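Chains, contacts and geometry: an overview
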Amino acid sequence: ILNVEQSPQSLHVQEGDSTNFTCSFPSSNFYALHWYRWETAKSPEALFVMTLNGDEKKKGRISATLNTKEGYSYLYIKGSQPEDSATYLCAFPTGTASKLTFGTGTRLQVTL
Amino acid sequence: DVKVTQSSRYLVKRTGEKVFLECVQDMDHENMFWYRQDPGLGLRLIYFSYDVKMKEKGDIPEGYSVSREKKERFSLILESASTNQTSMYLCASSKGRYNEQFFGPGTRLTVL
């Protein structure tokens, strides 16, 4: 089983704070790196699929960077809002490349 | 928008019962997946299918089987439910390789 590690496990920030978390993955046989957001009582939703070393993607206040040579990706949230509260998952394709191995996630809580 | 639906949001079954969880997607995706989510363990892949009648074991297939008779439908079967199969079950689908997965709302199964 491929190891995808995320840190921290949980994070509690105040509204307006910027924050970031890390996903580490094996740097060999890289295909892509996925980020998902999973809000309570909802389904996980894809944020980004990143494929190129040095890639940077942005969606509103959320952005992500990718370093395939050293095997890590950062997710940044600028000016956190309560609606950003969710578990953020990263995932790494393995085997047939349609199959994903997920990290255990970073649980973010944003309070007023 | 891709829609992935699951037959039940909540299900309570007794030990030894046969349980069917149904998943349907409406976007002609060839890949479909079944995961279970347990606290502290993240999303773990049970089985996946990349075509009609094709299936592959994921990381935790023991105690489960699957069926894919039509492209849009992927069923997870617990032949004889046990209490350690109490969990949240999520279905997902995707198209091609490396692409994002779209998740259903989940079924919270309790086995008494």
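Overview of the structure. Every value quoted in this text rests on a predicted model; they were computed, and no experiment measured them.

In this complex, chain B contributes 24 residues to the contact, which on the side of chain A involves 20 residues. Counting the surface lost from both chain B and chain A, the interface buries some 1,800 Å², and carbon and sulfur atoms represent 62% of this. Summed over the three residues of chain B that lose the most area to chain A, namely B:L43, B:Y98 and B:F103, the buried surface amounts to 33% of that side. Taken together, the connections running from chain B to chain A amount to zero salt bridges.

Strands pair in a sheet through their backbones, by hydrogen bonds, and they do so in one of two ways: parallel or antiparallel. Residue and element names in this part refer to chain B. Spatially, four strands are ordered 1-3-8-7 in an open sheet, and the strand pairing comes out antiparallel. The sheet is open, and its two edges are formed by strand 1 (4-6) and strand 7 (65-70), each paired on a single side. Taking each pair of neighbouring strands and ignoring which way they run, the sheet shows an average axis angle of 20°. Relative to strand 8 (residues 73-78), strand 7 runs antiparallel, the two sharing four bridges. Note on strand 8: the bridge partner recorded for V66 is L76.

This paragraph deals with the sheet that holds strand 6 (residues 56-59) of chain A. Residue and element names in this part refer to chain A. Strand order in the open sheet formed by five strands is 1-3-8-7-6, with antiparallel pairing between adjacent strands. A strand with exactly one partner marks an edge of an open sheet, and here the two such strands are strand 1 (5-7) and strand 6. Taken over all neighbouring pairs, the strand axes of this sheet differ in orientation by 15° on average, direction set aside. Of the strand pairs in this sheet, strand 6 and strand 7 (residues 62-67) are connected by four bridges, and their pairing is antiparallel. Residue pairing across strands places K57 opposite A64, the latter belonging to strand 7.

What follows is about the pairing of strand 11 (residues 107-111) of chain B. All names here are of chain B. By the alternation rule, side chains of strand 11 split into T107, L109 and V111, which are all buried, and R108 and T110, of which none is buried. Strand direction decides the pairing type here: strand 9 (residues 87-94) and strand 11, joined by three bridges, are antiparallel. In the strand pairing of strand 11, S87 is matched with L109.

Here the focus is the state of the cysteines. Residues and elements named next belong to chain B. For the structure on display, the rule yields two disulfides over all chains. Two residues, C23 and C91, share a disulfide whose sulfurs are 1.8 Å apart. Taking the torsion about the S-S bond as the criterion, the C23 to C91 disulfide, at about -75°, is left-handed. Taken together, the positions of C23 in strand 3 (residues 19-25) and C91 in strand 9 put the pair 68 residues apart, joining distant regions of the chain. On the accessibility criterion, C91 (0% relative accessible area) is buried.

Conventions we followed
- Residues numbered from 1 in each chain as written.
- Chains lettered and ligands numbered in written order.
- Predicted model: local features only at pLDDT ≥ 70, side-chain atom pairs only at ≥ 80, totals over all residues.
- Heavy atoms only, no water.
- Contact = heavy atoms within 4.5 Å.
- Buried area = accessible area lost by both parts, 1.4 Å probe.
- Salt bridge = Lys/Arg side-chain N within 4 Å of Asp/Glu carboxyl O.
- Pairing = 2+ DSSP bridges.
- Helix = DSSP H or I, 4+ residues; strand = E, 2+ residues; numbered from the N terminus.
- Axes fitted to C-alpha atoms, helices over the stretch in contact; angles between N-to-C directions.
- Buried < 20%, exposed > 50% of the residue type's maximum accessible area, 1.4 Å probe, protein only.
- Disulfide = S-S within 2.5 Å.

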